[in-house]
Amino acid sequence: MRLLMVEDEADLAGAVADHLRAASHAVDLAATLEDAMAAARTTAYALILLDLRLPDGDGLALLRSLRDRGDATPVLIVTARDRITERIAGLDAGADDYLVKPYHLDEMLARVIAILRRVDGNRTPERRFGALRLLPAAARVELGGAHVALTRKEWAVLDRLSRRPDLTVSRAELEDTVYAFGEEVESNAIEVHVSRLRAKLGRGAIETVRGFGYRMGRA
C-alpha cells in the first residue's frame, strides 16, 4: 500500500521508510507540515504516519484538516509527546492510533498492519481464495500450502486487489498504490506485474475487466 511518512528527522524517516518498504509498502516522505498538506491533497494514501512537532507547525493541523473535509484516511501519530492529555488530544482529533517515540520498528509496522486490517473490515490475519492463501502481516503468499516468492511490487499489486476482491481496480489506482513519488513507472509496468503474478499463481488468480482494470479471480 502507499503510505505517507510525515517526519522532519531525516535519519528516523529513512529508517522507518526502509522498514515499511521492506514490508512491500510504497512510502512518500514529507518533512514539513506544508509538504504533508500538499501530498495529502493530491494523493490517496492508505495510511499516514504523522509526527506532531514539525518545523513549520503542529502535525495536528494536518489531521484536523483531513477530518474537517471528511477525509477518513487512517492516521497513526508517531511522536515524542507522551503525556496522557496529548495522547487524548490526538485521538480526539481523529487519529486511529498513537505511538510514542522511541519505538521499535516492528511494533510500528504491526500497528500499521492492524489499522489497515480494521479499515478493510477484515480482522482475520489471512485472506483465502481457493488454494491461494495470503498472510498480509508477513507479506507471504502460499499456493496449495507451498510458499510462493513475490517481489515487493508483485506483493503490493496482489495485496491491493485482495483487500476488496469484489471491486475492480484500475491500472492508475494500482500505480498509485505501488509507486511512490520519484519512482519511474513504465507505461506497461502494471501489466508486467500482473503477468508475472499469473505465471506464479495461475492465470485465473487475477481477472482482467476490459476497459476498467483488474480484480481477484473467482475461486
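The structure contained in this document is the topic of the report that follows. (Residues numbered from 1 in each chain as written. Predicted model: local features only at pLDDT ≥ 70, side-chain atom pairs only at ≥ 80, totals over all residues. Heavy atoms only, no water.)

### Some words on the sheet that holds strand β1 (residues 2-6)
Sheet strands line up and pair through hydrogen bonds in the backbone, either parallel or antiparallel. What counts is decided by this rule: Strand pairing requires that DSSP identify at least two bridges connecting the strands. We count a stretch as a helix when DSSP gives it H or I for four or more residues in a row; a strand needs E for two or more, and each element gets its number in order from the N terminus. In this description, a line fitted to the C-alpha atoms serves as the axis of each element, helices being fitted only across the stretch in contact, and the angle between N-to-C directions of two axes falls anywhere from 0 to 180 degrees. Contacts were defined at the residue level, with two residues in contact if any of their heavy atoms lie within 4.5 Å.
Overall, parallel pairing links the 5 strands, which are arranged β2-β1-β3-β6-β7 in an open sheet. Edge positions in the sheet fall to β2 (26-30) and β7 (97-100), since each of these pairs with one other strand and no more. Looking at each pair of strands side by side, their axes are set apart by 20° on average, direction ignored. Sheet topology note: the β1/β2 ladder contains 5 bridges and is parallel. Looking across to β2, one finds that L4 is bridged to D28. Contacts from helix α2 (residues 33-42) reach β1, β2 and β3 (47-50) within the one sheet, and its direction differs from that of β1 by about 165°. Strands β1, β3 and β6 (75-79) of the sheet are contacted by helix α3 (residues 60-68), whose axis makes an angle of about 170° with β6.

### Quick word on the pattern of salt bridges
Convention followed: Salt bridge, as used here, is a side-chain nitrogen of Lys or Arg placed within 4 Å of a carboxyl oxygen of Asp or Glu. Under the scheme applied here, a residue whose accessible area is under 20% of the maximum for its type counts as buried, over 50% as exposed, and between as partly exposed, the area being computed with a 1.4 Å probe on protein chains only.
As enumerated under the stated definition, the model contains 23 salt bridges in all. Note that E142 is salt-bridged to R140, the shortest N-O span being 2.9 Å. A residue is classified by how much of its surface remains accessible, and R140, at 30% relative accessible area, is partly exposed. Salt bridges here are not isolated pairs; linked through shared partners, they connect E126, R128, R133, R140 and E142.

### Side note on the packing of aromatic side chains
Rules: Geometry of aromatic contacts follows a simple scheme: Phe, Tyr and Trp rings, the Trp one being its six-membered ring, pair when their centres are within 6.5 Å, and the pair is stacked under 30 degrees between planes, edge-to-face over 60, tilted otherwise. Definition used: whenever NZ (Lys) or CZ (Arg) falls within 6 Å of the ring centre and also within 35 degrees of the ring normal, the charge is taken to sit over that ring.
Applying the stated rule across the entire model yields 0 aromatic pairs. Positioned over the ring face of F181 is R2, at 4.6 Å from the centre of the ring.

### Things to note about α3
Quick note on the threshold: Each C-beta atom gives one direction from the helix axis, and the arc is the one those directions make.
If you check which residues of α3 are buried, you get L60, L62, L63 and L66. Buried positions in α3, seen along its axis, are confined to an arc of 160° and lie on one side of it. Tucked inside the fold, the buried residues of α3 contact β1, α2, β3, β5 (57-58), β6 and α4 (84-92).

### With respect to the side chain of R2
So the rule is basically this: Polar contact is the term for a pair of N or O atoms within 3.5 Å; when the atoms are in protein, one must be able to donate a hydrogen and the other to accept it, and sequence-neighboring residues count only if both atoms are side-chain atoms.
Looking at the element boundaries, R2 is found in strand β1. On the basis of relative accessible area, R2 is assigned to the buried category, the value being 6%. Looking at R2, its side chain comes within polar contact range of the main-chain oxygen of D176, at 3.3 Å. In contact with R2, other than residues within four places in its own chain, are A26, D28, T43, Y45, A46, L47, D176, T177, Y179, A180 and F181.

### Regarding the sheet that holds strand β9 (residues 132-135)
With respect to topology, 4 strands assemble into an open sheet ordered β8-β9-β10-β11, the strand pairing being antiparallel. Across the chains shown, the open sheet's two edge strands, defined by having one partner strand only, are β8 (127-129) and β11 (146-148). Between one strand axis and the next, the sheet turns by 25° as a mean value, whatever way the strands run. Along the sheet face, helix α8 (residues 189-201) touches β9, β10 (140-143) and β11 and points at about 45° away from the line of β10.

### Quick look at the pairing of β9
Relative to β9, β8 is paired through 3 bridges, and the arrangement is antiparallel. Residue pairing in the sheet places R128 in a bridge with R133 of β9. The turn linking β8 back onto β9 is made up of 2 residues, and G130 within it adopts a positive phi angle of 65°. Across 4 bridges, the pairing between β9 and β10 is antiparallel. Bridged to L134 within β10 is V141.

### Quick notes on the packing of α2 against α3
Helix-helix packing is described using two parameters, namely the angle between the two axes and the distance between the axes. Defined as follows: We call two directions roughly parallel when the angle between them is under 35 degrees, roughly antiparallel when it is over 145, roughly perpendicular when it lies between 65 and 115, and oblique otherwise. Crossings are sorted by hand: turned counterclockwise from the far helix by less than a right angle, the near helix makes the crossing left-handed, and turned clockwise it makes it right-handed.
The N-to-C vectors of α2 and α3 enclose an angle of 20°; their axes lie 10 Å apart at closest approach. Of the possible angle classes, the one that applies to α2 and α3 is roughly parallel. As for how α2 packs across α3, the hand of that crossing is right-handed. Note on element contacts: α3 touches α2 through A61, L62, S65 and L66, opposite L33, A36, M37 and A40.

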